[in-house]
Amino acid sequence: MAYVPIPKDLQKVKTKVAFNLTKRQLIGFSLAGLAGIPTYLALKNWVATDIAMIGLIVVALPFFFITLYEKDGQTFEQYFRAVYLHEFYQPKERVRKEALREKNKTTARGKTPAKRKGV
């Protein structure tokens, strides 16, 4: 009897479009081909064929990486956006709510807040 594993989480199931590839994979591999093949054709007239093939691989690898990369259920674009926002737009140090409230009171009144004793 044939055994077919059924995933418990149906969110992980991806719809295949053609050649048993998802739409994302088809687009990514097509872009890799559109960038890599002209590179190979241009390089093979100037350098040896094996070096031209290495050039094709170097040009196509970023497209393959972006297409196939997935971490914690996020695609490369989603993960890169989260890392970018964390590094450049979020504060490096966490601010306590009390300090933030005191700062807001200071700017609202135009004077410095009274210091608490014992802190």
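Cut-offs and rules
- Note that residues are indexed from 1 along each chain, following the sequence as it is written.
- Only residues with pLDDT of at least 70 are given local features in this predicted model, and only at 80 or more are side-chain atom pairs given and counted; all residues enter the totals for whole chains, interfaces and linings.
- To obtain the side-chain values, all non-hydrogen atoms of the structure were used and water was disregarded.
- Two rings belonging to Phe, Tyr or Trp (six-membered ring only in the last case) form a pair when the distance between their centres is within 6.5 Å. Interplanar angles under 30 degrees mark stacking, angles over 60 mark edge-to-face geometry, and anything in between is tilted.
- Strands here are runs of E lasting at least two residues and helices are runs of H or I lasting at least four, both read from the DSSP assignment and numbered beginning at the N terminus.
- Burial classes follow relative accessibility: with a 1.4 Å probe on protein chains only, a residue under 20% of its type's maximum area counts as buried, one over 50% as exposed, and anything between as partly exposed.
- A pair is scored as a salt bridge if a Lys or Arg side-chain nitrogen falls within 4 Å of a carboxyl oxygen belonging to Asp or Glu.
- Every axis corresponds to a line fitted to the C-alpha atoms, with the helix fit spanning only the stretch in contact, and the corresponding angles, defined between N-to-C directions, vary from 0 to 180 degrees.
- Comment on the angle field: the value is read as roughly parallel under 35 degrees, roughly antiparallel over 145, roughly perpendicular from 65 to 115, and oblique elsewhere.
- Crossing chirality is assigned from the near helix's rotation relative to the far helix, an anticlockwise turn below a right angle marking it left-handed and a clockwise turn marking it right-handed.
- Contact definition: two residues touch when any of their heavy atoms are within 4.5 Å.
- All amino acids are sorted into three groups, where Ala, Val, Leu, Ile, Met, Phe, Trp, Tyr, Cys and Pro are nonpolar, Asp, Glu, Lys and Arg are charged, and the leftover types, Gly among them, are polar.

(A) Looking closely at the packing of aromatic side chains. With the rule as written, the count across this model stands at nine aromatic pairs. Ring geometry for F29 against F64: centres 5.4 Å apart, planes inclined by 65°, an arrangement best described as edge-to-face. Pair noted here: F29 is in helix 1 (residues 23-43) and F64 is in helix 2 (residues 49-68), with a separation of 35 residues, a long-range link. Under the relative-accessibility criterion, F64 is labelled partly exposed at 33%. A centroid spacing of 6.5 Å and a plane angle of 20° characterise the contact between F80 and Y84, whose relative ring orientation is stacked. One end of the pair is F80 and the other is Y84, both in helix 3 (residues 76-88) and four residues apart, which spans about a single turn.

(B) Region of the structure containing the pattern of salt bridges. Inspection of the entire model under this criterion finds one salt bridge. Salt-bridge contacts for E77 lead to R24; the nearest nitrogen and oxygen are separated by 3.0 Å. Here E77 is found in helix 3, whereas its partner R24 is found in helix 1, with 53 residues between them in sequence. Given the relative accessible area of 32%, R24 is considered partly exposed.

(C) Spotlight on the packing of helix 1 against helix 2. It is at 8 Å that the axes of helix 1 and helix 2 come closest, and there the two elements cross at 160°. Looking at the two axes, helix 1 sits roughly antiparallel to helix 2. Crossing of helix 1 over helix 2 shows right-handed handedness. Between helix 1, through R24, Q25, G28, F29, L31, A32, A35, G36, I37, T39, Y40 and L43, and helix 2, the contact on the second element is made entirely by T49, A52, M53, G55, L56, V59, A60, F63, F64, I66, T67 and L68. Residue composition of the contact of helix 1 with helix 2, by class: 16 nonpolar, seven polar and one charged.

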